[in-house]
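Here is how the chains run, residue by residue.
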Amino acid sequence: QTGNGAIDAACDAGIFAIGVDVDQNESYPEGAACIITSATKGLQFSVAEAVKSIAAGTAKGGKQIWDAKIDGVGYAPFYEAESKLPADTKAVMDEEA
């Protein structure tokens, strides 16, 4: 409940929150009015790749980086909040990834 609690606190303060892990507009619709976007983990992609490498016998231990360049992380849509952001916000975020 910590993520949802932070969203609730943002709503109470009249400010926006950024969700985490999944699209919290979908997982916590009660807070959608205060969620500007969510930082998401590409779990479907990373798990599928891990299963493929295990099945192929090519899985290796060690540190793996699942960053935005390979869709390991990303962000959720802005939904209704998009109209409240500077017009170039999405372009800047995509450029930084």
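Note that the structure is predicted; figures quoted are calculated from it, not measured.

Participant: What exactly am I supposed to notice about a nonpolar patch on the surface here?
Facilitator: Where nonpolar side chains cluster on the molecular surface, the patch consists of Leu43, Val47 and Val51 and spans about 260 Å² of accessible area. If you trace the backbone, Leu43 turns up in helix H3 (residues 43–56).

Participant: Before we go on, may I ask you to explain the sheet that holds strand S2 (residues 35–41) in this structure?
Facilitator: Remark on secondary structure: sheet strands pair via backbone hydrogen bonds, oriented parallel or antiparallel. Sheet architecture is open: 3 strands sit in the order S1-S2-S3, paired in mixed fashion. The outermost strands of the open sheet, each flanked by one partner alone, are strand S1 (17–21) and strand S3 (73–75). Strand-to-strand twist in this sheet, taken as the mean axis angle between neighbours without regard to direction, amounts to 15°. Where S2 and S3 come together, 3 bridges link them in antiparallel fashion. Within the sheet, the bridge partner assigned to Thr40 lies in S3 and is Gly74.

Participant: Explanation requested: the state of the cysteines in the structure shown.
Facilitator: Two cysteines, two sulfur atoms, one covalent bond between them: this is a disulfide. Applying the stated rule across the entire model yields 1 disulfide. Cys11 shares a disulfide with Cys34; S-S distance 2.0 Å. Torsion about the S-S bond of the Cys11 and Cys34 cystine: about 135°, corresponding to right-handed handedness. Of this pair, Cys11 sits in helix H1 (residues 2–13) while Cys34 sits in the loop between helix H2 (24–27) and S2; the two residues are 23 residues apart in sequence, bridging distant segments of the chain.

Participant: Explain the nonpolar core to me, please; I cannot follow it from the model alone.
Facilitator: Nonpolar side chains tend toward joint burial in soluble globular proteins. Core analysis: the biggest nonpolar cluster contains 5 residues, these being Ile7, Ala10, Ala17, Tyr28 and Ile35. If near-sequence neighbours (up to four positions away) are discounted, Ala10 is found in contact with Ile15, Phe16 and Ala17.

So, how was this worked out
- Residues numbered from 1 in each chain as written.
- Predicted model: local features only at pLDDT ≥ 70, side-chain atom pairs only at ≥ 80, totals over all residues.
- Heavy atoms only, no water.
- Patch = residues over 30% accessible without salt bridge, like charges linked within 9 Å, V, L, I, M, F, W, Y side chains within 5 Å.
- Areas by Shrake-Rupley, 256 points an atom, 1.4 Å probe, with all protein chains shown as cover.
- Salt bridge = Lys/Arg side-chain N within 4 Å of Asp/Glu carboxyl O.
- Helix = DSSP H or I, 4+ residues; strand = E, 2+ residues; numbered from the N terminus.
- Pairing = 2+ DSSP bridges.
- Axes fitted to C-alpha atoms, helices over the stretch in contact; angles between N-to-C directions.
- Disulfide = S-S within 2.5 Å.
- Core = buried A, V, L, I, M, F, W, Y, C linked by side-chain atoms within 4.5 Å.
- Buried < 20%, exposed > 50% of the residue type's maximum accessible area, 1.4 Å probe, protein only.
- Contact = heavy atoms within 4.5 Å.

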